[in-house]
Amino acid sequence: MRYRGLGGALLFKPLPGGHALGDDAKAIAREWLMAALAGGESWIWGEDDTLLVKELDEIEVEVRNPLYTRRLAELWQR
């Protein structure tokens, strides 16, 4: 939350299995990193608390996930 509050971008997605990196976690991480490295601005945003996609100004900065692409948004909402 503090990192985001300072302007950092990160993706948070709770998944079953604790800290183990299952296929779901790897797919989301791969998609997010590729989009983030491409350098584009995110136009899709998700909220940690609700796991809903919302308008940017409807999500507090501390719980905001830049989803970048429609595919990433779909993976994140699963």
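Since we're looking at a predicted model, the values are computed, not measured.

Draft legend 1. Region of the structure containing the environment of L15. With respect to the helices, strands and loops of the structure, L15 is situated in the loop between helix 1 (2-5) and helix 2 (23-38). Taking the C-alpha atoms as reference points, L15 and A25, separated by 10 residues in sequence, lie 7.3 Å from one another. Setting aside anything within four residues of it in sequence, one finds L15 in contact with D24 and A25.

Draft legend 2. Spotlight on helix 2. When the terminal C-alpha atoms of helix 2 are compared, their 23 Å separation across 16 residues agrees well with the 22 Å that a helix rising 1.5 Å per residue should span. Restricting attention to buried positions, one finds in helix 2 the residues A25, I28, W32 and A35. Angular distribution of buried residues about the axis of helix 2 spans 115 degrees; they occupy a single face of the element. Along helix 2, the residues that are exposed and aim more than 90 degrees away from the buried face are D23, R30, M34, L37 and A38. The secondary structure elements touched by the buried residues of helix 2 are strand 3 (64-66) and helix 3 (70-77).

Draft legend 3. Structural context of the packing of helix 2 against helix 3. Between helix 2 and helix 3, the least distance of the axes is 10 Å, while the angle of their chain directions is 150 degrees. The angle between helix 2 and helix 3 places the two elements in the roughly antiparallel class. The two elements helix 2 and helix 3 meet at a crossing, and its hand is left-handed. Contacts between helix 2 and helix 3 involve A27, I28, E31 and W32 from the first element and R71, L72, L75 and W76 from the second. The class makeup of the residues in the contact of helix 2 with helix 3 is six nonpolar, no polar and two charged.

Draft legend 4. Inspection of helix 3 at higher detail. Listed in full, the buried residues belonging to helix 3 are L72, A73, L75 and W76. Taken around the axis of helix 3, the buried residues stretch over an arc of 165 degrees, which confines them to a single face. Buried residues belonging to helix 3 abut helix 2, strand 1 (45-47), strand 2 (52-54) and strand 3.

Draft legend 5. Quick look at the pattern of salt bridges. Going through the model one piece at a time under the given rule, you end up with two salt bridges. The salt bridge involving R4 is made with D48; its shortest N-O contact spans 2.6 Å. In this pair, R4 sits in helix 1 while D48 sits in the loop between strand 1 and strand 2, placing the two residues 44 residues apart along the sequence. The class of R4 is buried, set by a relative accessible area of 4%. The buried category is assigned to D48, whose relative accessible area is 14%. The residue K54 makes a salt bridge to E47 at a minimum N-O spacing of 2.7 Å. When its relative accessible area of 25% is taken as the criterion, K54 is described as partly exposed. We classify E47 as buried; its relative accessible area is 9%.

Reading the values: the criteria
- Residues numbered from 1 in each chain as written.
- Predicted model: local features only at pLDDT ≥ 70, side-chain atom pairs only at ≥ 80, totals over all residues.
- Heavy atoms only, no water.
- Helix = DSSP H or I, 4+ residues; strand = E, 2+ residues; numbered from the N terminus.
- Contact = heavy atoms within 4.5 Å.
- Expected span 1.5 Å × (residues − 1).
- Buried < 20%, exposed > 50% of the residue type's maximum accessible area, 1.4 Å probe, protein only.
- Arc of directions from axis to C-beta.
- Axes fitted to C-alpha atoms, helices over the stretch in contact; angles between N-to-C directions.
- Parallel < 35°, antiparallel > 145°, perpendicular 65-115°, else oblique.
- Left-handed = near helix turned anticlockwise from the far one by under 90°.
- Nonpolar A, V, L, I, M, F, W, Y, C, P; charged D, E, K, R; others polar.
- Salt bridge = Lys/Arg side-chain N within 4 Å of Asp/Glu carboxyl O.

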